[in-house]
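These are the residues of each chain, in order.
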Amino acid sequence: MSDPAILVLDEGTTSTRAMLFAADGAMLGSAQQELTQHYPAPGRVEHDATEIWHRTLACAREMVEKAGGADRIACIGITNQRETVVAWDKSTGEPLARALVWQDRRTADFCETLKAEGHEAVVQDHTGLLLDPYFSGTKMRWLVDNEPAVKAASEAGTLALGTIESWLVYKLTGGAFMSDASNASRTLLLKLGGSQFDDGLCSLFEVPKAALAEVTDNAGDFGSTLPELFGAPIRISGMVGDQQSATIGQGCLSAGETKATYGTGAFILANKGHDIPASSNRLLGTVLYQEDGQRTYALEGSVFVAGSLVQWLRDGLGLLGTAAETETLARSIDDSGGVVIVPAMSGLGAPHWQPEARGVIAGLSFATGRAQIARAALEAMAHQTYDLAQAFAADGAEWTSLKVDGGMSANDWMAQDIANLLDLPVERPEFVETTALGAAMLAAKGAGMVGSLEEASETMRGSLGTFRPSMENTVREARLTAWRKALAAA
């Protein structure tokens, strides 16, 4: 390995990875470890923050060794599952409770109370977000109210509340406490036009502002790792939430460009430039990235269940040996036999926002087998994407094409089905792990390896493949009619 490489820490929901990139965007190596999912009660999802740290560190060390040592790595970029919240003690650096994962729904009643008190319109105007358990702020408040160790640390002035990038940077540097603008914009505590967490929003959500981090750019100098972690310090120069990272990795750097990432959930972002976005169709306004204090924004639609549906069919029901088997099964039949799946296992996200909705499998008969259910699971991705396309169009952000990425998008049948149902071309890069690539691009910019994100996009992104629609209107309408009927049942 000649030129210094870029190390990306990609901390996801079901696993954590470290990936090594060359300056031209070529992936040089990857290490991955699964994360334990804790489900203490229906609607509750937790992670062990210490496990996240140890497994991320182990993956990172494997890649540092592969690179030939810390001096062969120019910089680190971090990208992460977003709304997940960690509470830790700044005096000990140790977690005070399990992390509450973005999928966790335990704060639904609190959100409903705030809605009933008439706060949602003001919250949406300030933050671009809706009152939903998905977002970090209500999880932070729950931890302070319900975990004695968290409350005690808050009273002692040693509490740190942060999303995953804050936790990892704190551990990597031995105490730096910061949150990049893209992650901070997912907390309900940051005004889209405000530079730091907002006093009024912290008061509304009963979150102690003293426990929150400094809000920073997405590329820059965020400190260096402790020398003992990798044998020598490595500079951290990029931080970004996973969906914003994928948008950057897809090269959606101009207003109007749109991407969809199909991972554990499905997340669609359209670049809105420097104008603060507003939605009348229950989409989200969010910070895409911040450079030198100036923000580029995005309009977002979030689907809570995508790849996790296939994982459930495999691990929960035992219907699949591997996730990849869904493509073979889908191709083995002409249609789903009338089976429609509404994957509302964690409620419904955009544009419906029904946290209490639950999953539905409709149209079952004695003719239903594994193939029909597998195909219906993949079709659900297109159905949910179609609903979002309609909402984006109603908000004046109509798609002319869609760039897809994430682990699920490697499924050719699913990518073609999305193109068919949307009646739009779907572009997929040769390298579908654009979440990690976006973090590498930001880190390269922050370390001065490139002069701009546009330059990084030109030099680090690979070739594209395109899926073009080939579905008759009558078939499309029949699919959508069956979907709407099943959706009403959820």
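We now turn to the structure provided with this report. Note that the coordinates shown come from a computational prediction; the quantities given were computed from them, not determined experimentally. In this numbering scheme, every chain counts its residues from 1 along its sequence in written order. In keeping with the model being predicted, local features are shown solely for residues with a pLDDT of at least 70 and side-chain atom pairs are shown and tallied solely at 80 or more, while totals for entire chains, interfaces and linings include all residues. As a convention, hydrogens and water are excluded, and side-chain values are obtained from all of the structure's heavy atoms.

## Here we look at the overall build of the chain
Argument step 1. Secondary structure counts use DSSP, requiring at least four H or I residues in a row for a helix and at least two E residues in a row for a strand, with both numbered from the N terminus. In terms of helices and strands, the chain carries 17 helices and 21 strands.
Argument step 2. A globule of 490 residues ought to have a C-alpha radius of gyration of about 23 Å, and the chain, at 21 Å, matches this closely.
Argument step 3. Relative accessibility thresholds used throughout: buried, under 20% of the residue-type maximum; exposed, over 50%; partly exposed, between the two (1.4 Å probe, protein chains only). Per-residue burial for the chain yields a buried fraction of 61% across its 490 residues.
Argument step 4. Residue contacts follow a heavy-atom distance rule, with two residues in contact if any of their heavy atoms lie within 4.5 Å. Long-range pairs, those at least 24 residues apart, make up 70% of the contacts in the chain with a sequence separation of at least 6.
Argument step 5. Shrake-Rupley sampling with a 1.4 Å probe provides the accessible areas, and residues are treated as covered by the protein chains on show and by no other component. If you sum the accessible surface of the chain, you get close to 17,500 Å²; carbon and sulfur atoms cover 47% of it.
Argument step 6. Asp and Glu are treated as the negative residues and Lys and Arg as the positive ones, with His and the ends of the chain left uncounted. Every charge is mapped to an atom, namely NZ of Lys, CZ of Arg, CG of Asp or CD of Glu. Here the chain holds 38 positive side-chain charges and 61 negative ones, and the gap between their average locations is 3 Å. This radius of gyration counts C-alpha atoms alone. The globule rule is 2.2 Å times how many residues there are, raised to the power 0.38.

## Some points on a nonpolar patch on the surface
Argument step 1. Candidates for patches are residues over 30% relative accessible area with no salt bridge; among them, like charges are joined within 9 Å and nonpolar side chains (Val, Leu, Ile, Met, Phe, Trp, Tyr) within 5 Å. By definition, a salt bridge exists where a carboxyl oxygen of Asp or Glu is found within 4 Å of a side-chain nitrogen of Lys or Arg. A cluster of nonpolar side chains, Trp312, Leu317, Met345, Ile361 and Leu364, forms an exposed patch at the surface whose accessible area comes to about 430 Å².
Argument step 2. In this structure, Met345 sits in the loop between β17 (340–342) and β18 (360–362).
Argument step 3. Overall, Met345 belongs to the partly exposed group, its relative accessible area being 34%.

## Focus on the packing of helix α13 (residues 370–394) against helix α14 (residues 412–422)
Argument step 1. Simply put, an axis is a line fit to the C-alpha atoms, just over the touching stretch for a helix, and the angle between two N-to-C directions goes from 0 to 180 degrees. Contact geometry of α13 with α14 gives a least axis separation of 9 Å together with a crossing angle of 40 degrees. Considering the angle they form, α13 stands oblique to α14. In the packing of α13 onto α14, the handedness of the crossing is right-handed. From α13, Arg375, Leu378, Glu379, Met381, Ala382, His383, Thr385, Tyr386 and Ala389 reach across to α14, where they touch Trp413, Met414, Asp417, Ile418, Leu421 and Leu422.
Argument step 2. The nonpolar class holds Ala, Val, Leu, Ile, Met, Phe, Trp, Tyr, Cys and Pro. Asp, Glu, Lys and Arg form the charged class, and all remaining residues, Gly among them, are polar. Classifying every residue of the contact of α13 with α14 by side-chain character gives 10 nonpolar, two polar and three charged. Here the word oblique covers every angle except those under 35 degrees (roughly parallel), over 145 (roughly antiparallel) and from 65 to 115 (roughly perpendicular). By definition, any crossing whose near helix is turned counterclockwise from its far helix by less than a right angle is left-handed, and any crossing with a clockwise turn is right-handed.

## Remarks on the pattern of salt bridges
Argument step 1. Per the stated rule, a full pass over the model turns up 29 salt bridges.
Argument step 2. Arg141 serves as the salt-bridge partner of Glu206, at 3.9 Å between the closest nitrogen and oxygen. Of this pair, Glu206 sits in the loop between α8 (199–205) and β11 (214–216) while Arg141 sits in helix α4 (residues 136–146), and the two are 65 residues apart along the sequence.
Argument step 3. When its relative accessible area of 44% is taken as the criterion, Glu206 is described as partly exposed.
Argument step 4. For Arg479, the salt bridge identified is with Glu379, shortest N-O distance 3.6 Å. Taken together, the residues Arg479 in helix α17 (residues 473–489) and Glu379 in helix α13 connect sequence positions 100 residues apart. By the burial criterion, Arg479 is buried, and Glu379 matches it.

## Considerations on empty space enclosed by the protein
Where empty space is left can be seen by rolling a probe of water-molecule size over the atoms.
Argument step 1. Buried and open spaces are told apart on a 1 Å grid over the protein atoms alone, a cavity being a set of points where a 1.4 Å probe fits but cannot get out and a pocket being an open set with protein on both sides within 12 Å along at least five of seven lines. Residues with an atom within 4 Å of a point are the lining residues. Grid points are joined across faces, edges and corners, and a volume is the space filled by probe spheres set on the points. Going through the model one piece at a time under the given rule, you end up with four cavities of 30 Å³ or more.
Argument step 2. The space that makes up the largest cavity amounts to roughly 70 Å³.
Argument step 3. Taken together, 13 residues line the largest cavity, and the ones lying closest to its centre are Val303, Leu348, Ala350, His352 and Gln384.

## Some words on the nonpolar core
Argument step 1. Counting 120 residues, the largest nonpolar core has Phe205 and Tyr262 as its most contacted members.
Argument step 2. Element by element, the count of residues in this core is highest for α13, at 14 residues.
Argument step 3. Apart from residues no more than four positions distant in its own chain, Phe205 is found in contact with Phe110, Leu114, Val123, Leu131, Thr138, Arg141, Leu188 and Leu189.
Argument step 4. Residues Leu9, Ala70, Ile234 and Met239 belong to the second largest nonpolar core, which totals 39 residues. Take the buried residues of types Ala, Val, Leu, Ile, Met, Phe, Trp, Tyr and Cys, join any two whose side-chain atoms come within 4.5 Å, and each joined set is a nonpolar core.

## Overview of helix α1 (residues 49–67)
Argument step 1. A helix's residues, less one, multiplied by 1.5 Å, set its expected span. With 19 residues, α1 extends 27 Å from end C-alpha to end C-alpha; this agrees with the ideal 27 Å at 1.5 Å per step.
Argument step 2. Residues of α1 that are buried include every one of Ala49, Glu51, Ile52, Trp53, Thr56, Leu57, Cys59, Ala60, Met63, Val64 and Ala67, and no others.
Argument step 3. Measuring from the side-chain oxygen of the N-cap residue of α1 to the backbone nitrogen of Thr50 gives 2.9 Å; that N-cap residue is Asp48.
Argument step 4. Where α1 terminates, the next one or two residues include Gly68, which has phi positive at roughly 100 degrees. By the criterion applied in these results, polar contacts are pairs of N or O atoms within 3.5 Å in which, for protein atoms, one can donate a hydrogen and the other can accept it, and in which residues neighboring in sequence qualify only through two side-chain atoms.

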